[in-house]
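The chain contents come next:
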Amino acid sequence: MDDSTFMEQALRGAASVQGLTAPNPWVGCVLVLADGTVVDGVTHPAGGPHAEAHALAQVGGSAPGATMYVTLEPCSHRGRTAPCADAIVAAGVARVVVAIVDPDPLVAGRGIERLREADVDVEVGLGAAGATALLAPYLHHRSTGRPYVVLKMAATLDGRTAAPDATSRWITGPAARADVQVLRARSDAVMVGAGTVRADDPELTVRALAAPLPGTTFEPLRVVLGSAPPTARVQPALEMGGPLPDVLDELGRRGVLQLLVEGGATVAGAFHRAGLVDRYVVYLAPALFGGDDARPLMSGAGAPTIDDVWRGRIDAVTHLDGDLRIDLVPITAEVLCSTPSSRTEEALT
């Protein structure tokens, strides 16, 4: 196999642990020993081994003449774990292929510099597009201090989310609902408004998805804007209030890299109008309410004139049995594309 194939394997490994590693990035590593043996490594939850250390541990920390493929620059500083760059040098790895440089100020090229000072051959850039898309929430967090915000909505083709009597259960089908579970699993926190809690009493848990690392589960932090009843199924939840930018700043300080906002219409409208959404994920069902009295995707004042209409770019359209998933990004946010779009996820699975 060639370099591209091994890097794609490392990207698949990284994608498999997204949602488990915050506040650390989800990283994949493939170690190819001198005799051709291939070993995979992935980042573990905070305090556990990074991807490079995980791979090296499986060969006893010794890999003379090996080539390592890693989706993010190896760290060079001591945090909760020892520096990966030092472990790579000590193991005798001869060549390291890095997808992208880590923008964290504690790394920012120092890991690559450490390797090269030890005469390790380092190549940077292979798989950069895939790694940038995969790690967009981490890159966004490191540049802004805030989580990457994904706004998820589900509606009929005429843009309605609930009947006039507020009934709305299962607008979309099983495949779309299963896809939402993946979206939750890859998020570090899930947010709803207190009104949604009172109306729908959601759990906001991840169901029917097994985490790939022993002893771990995909269970994002549950966040409520406002106060949730103590008996609500979302409890225990983090209850927050105040201006949305301040809420995002606090979640960023708590190490939340990706925030999934699930509603309802008031919260969705508020995030949208504030320009705080980095990715919109809209599930559309082949159904029509057929009138103007059903409830809309967003509530509150919209654009007063056509010149003020918000416009983005459709990044992906995915068929989910009878439903559609549409991924939409702000035009100004195209550089950081998202957690992998459905197209990218399909390429990584």
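Further up the page is the structure itself.
What this report covers is the structure whose coordinates are included nearby. Please read all numbers here as calculations on a predicted model, not as lab measurements. (Residues numbered from 1 in each chain as written. Predicted model: local features only at pLDDT ≥ 70, side-chain atom pairs only at ≥ 80, totals over all residues. Heavy atoms only, no water.)

1. Re the packing of helix H3 (residues 84–91) against helix H4 (residues 110–117)
No. 1: Running from N to C, H3 and H4 point in directions that differ by 20°, and their axes come no closer than 9 Å. Judged on the interaxial angle alone, H4 and H3 are roughly parallel. Where H3 crosses over H4, the two elements pack in a sense that is right-handed. Within the contact between the two elements, H3 uses Ala85, Asp86, Ile88 and Val89 and H4 uses Gly111, Arg114 and Leu115. (Axes fitted to C-alpha atoms, helices over the stretch in contact; angles between N-to-C directions. Helix = DSSP H or I, 4+ residues; strand = E, 2+ residues; numbered from the N terminus. Parallel < 35°, antiparallel > 145°, perpendicular 65-115°, else oblique. Left-handed = near helix turned anticlockwise from the far one by under 90°. Contact = heavy atoms within 4.5 Å.)

2. Thoughts on unusual backbone geometry
No. 1: Between Ala22 and the following residue, Pro23, the backbone shows a cis peptide bond with an omega angle of 10°.
No. 2: On the secondary structure map, Pro23 appears in the loop between helix H1 (3–16) and strand S1 (28–32).
No. 3: Gly263 connects to Gly264 through a cis peptide bond whose omega is 5°.
No. 4: One can find Gly264 in the loop between strand S11 (258–261) and helix H10 (265–273).
No. 5: Even without being glycine, Ala108 reaches a positive phi, approximately 45°.
No. 6: By the element assignment, Ala108 lies in the loop between strand S4 (95–98) and H4.
No. 7: Residue classification places Ala108 among the partly exposed positions, given a relative accessible area of 42%.
No. 8: The phi dihedral of Ala208 is positive, around 65°, even though this residue is not glycine.
No. 9: Among the residues examined, Ala208 registers a relative accessible area of 85% and is labelled exposed. (Buried < 20%, exposed > 50% of the residue type's maximum accessible area, 1.4 Å probe, protein only.)

3. Some thoughts on the pattern of salt bridges
No. 1: Taken as a whole and judged by the stated rule, the model has 16 salt bridges.
No. 2: The closest approach of N and O atoms between Glu262 and Arg184, which form a salt bridge, is 2.6 Å. Within this pair, whereas Glu262 is found in the loop between S11 and H10, its partner Arg184 is found in helix H7 (residues 174–185), the two being separated by 78 residues in sequence.
No. 3: Measuring nitrogen to oxygen at the nearest pair gives 3.2 Å for the salt bridge that ties Arg313 to Asp315. (Salt bridge = Lys/Arg side-chain N within 4 Å of Asp/Glu carboxyl O.)

4. Thoughts on the pairing of strand S14 (residues 312–320)
Moving residue by residue along a regular strand, the side chains alternate between the two faces of the sheet.
No. 1: Relative to strand S15 (residues 323–330), S14 is paired through eight bridges, and the arrangement is antiparallel. Across the sheet, residue His319 finds its bridge partner in S15, namely Leu324.
No. 2: Taking the residues that link successive antiparallel strands as the turn, the S14-S15 hairpin has two residues, and the phi of Asp321 there is positive, at about 55°. (Pairing = 2+ DSSP bridges.)

5. Let's talk about the packing of aromatic side chains
No. 1: Taken as a whole and judged by the stated rule, the model has two aromatic pairs.
No. 2: Ring centres of Tyr280 and Trp310 lie 4.9 Å apart, and the angle between their planes is 55°; this geometry places the pair in the tilted category. Taken as a pair, Tyr280 in strand S12 (residues 279–285) and Trp310 in the loop between strand S13 (295–296) and S14 lie far apart in primary sequence, 30 residues in all.
No. 3: Under the relative-accessibility criterion, Tyr280 is labelled buried at 4%.
No. 4: We note Arg177 situated over the ring of Trp170; from NZ or CZ to the ring centre the distance is 4.1 Å. (Phe/Tyr/Trp six-rings, centres within 6.5 Å; stacked < 30°, edge-to-face > 60°. Lys NZ or Arg CZ within 6 Å of the ring centre and 35° of its normal.)

6. A look at the sheet that holds S1
No. 1: The five strands lie next to each other as S2-S1-S3-S4-S5, forming an open sheet whose pairing is mixed. Each edge of the open sheet is held by one strand with a lone partner, namely strand S2 (38–42) and strand S5 (121–124). Taking each pair of neighbouring strands and ignoring which way they run, the sheet shows an average axis angle of 15°.
No. 2: In terms of strand pairing, strand S3 (residues 67–70) meets S4 through four bridges, oriented parallel. Pairing of Tyr69 across the sheet is with Val97, part of S4.
No. 3: Contacts from H1 reach S1, S2, S3, S4 and S5, with the element oriented near 140° to S1.
No. 4: Together, S4 and S5 form the strand contacts of H4, whose direction differs from that of S5 by roughly 150°.

7. Points about the nonpolar core
No. 1: Judged by nonpolar contacts, the single largest core of 50 residues is most densely connected at Leu31, Leu56, Ala63, Met68, Val93 and Val96.
No. 2: Broken down by element, this core gets its largest block of residues, six residues, from H1.
No. 3: Excluding anything up to four places from it in sequence, Met68 contacts Cys29, Val30, Leu31, Glu52, Leu56, Ile88, Val93, Arg95, Val96 and Val97. (Core = buried A, V, L, I, M, F, W, Y, C linked by side-chain atoms within 4.5 Å.)

8. Considering helix H9 (residues 244–253)
No. 1: Among the residues making up H9, those that are buried are Leu244, Val247, Leu248, Leu251 and Gly252. Buried residues of H9, viewed axially, fall in a sector of 135°; they line one side.
No. 2: Of the residues one or two after H9, Gly255 is the one with positive phi, at around 85°. (Arc of directions from axis to C-beta.)

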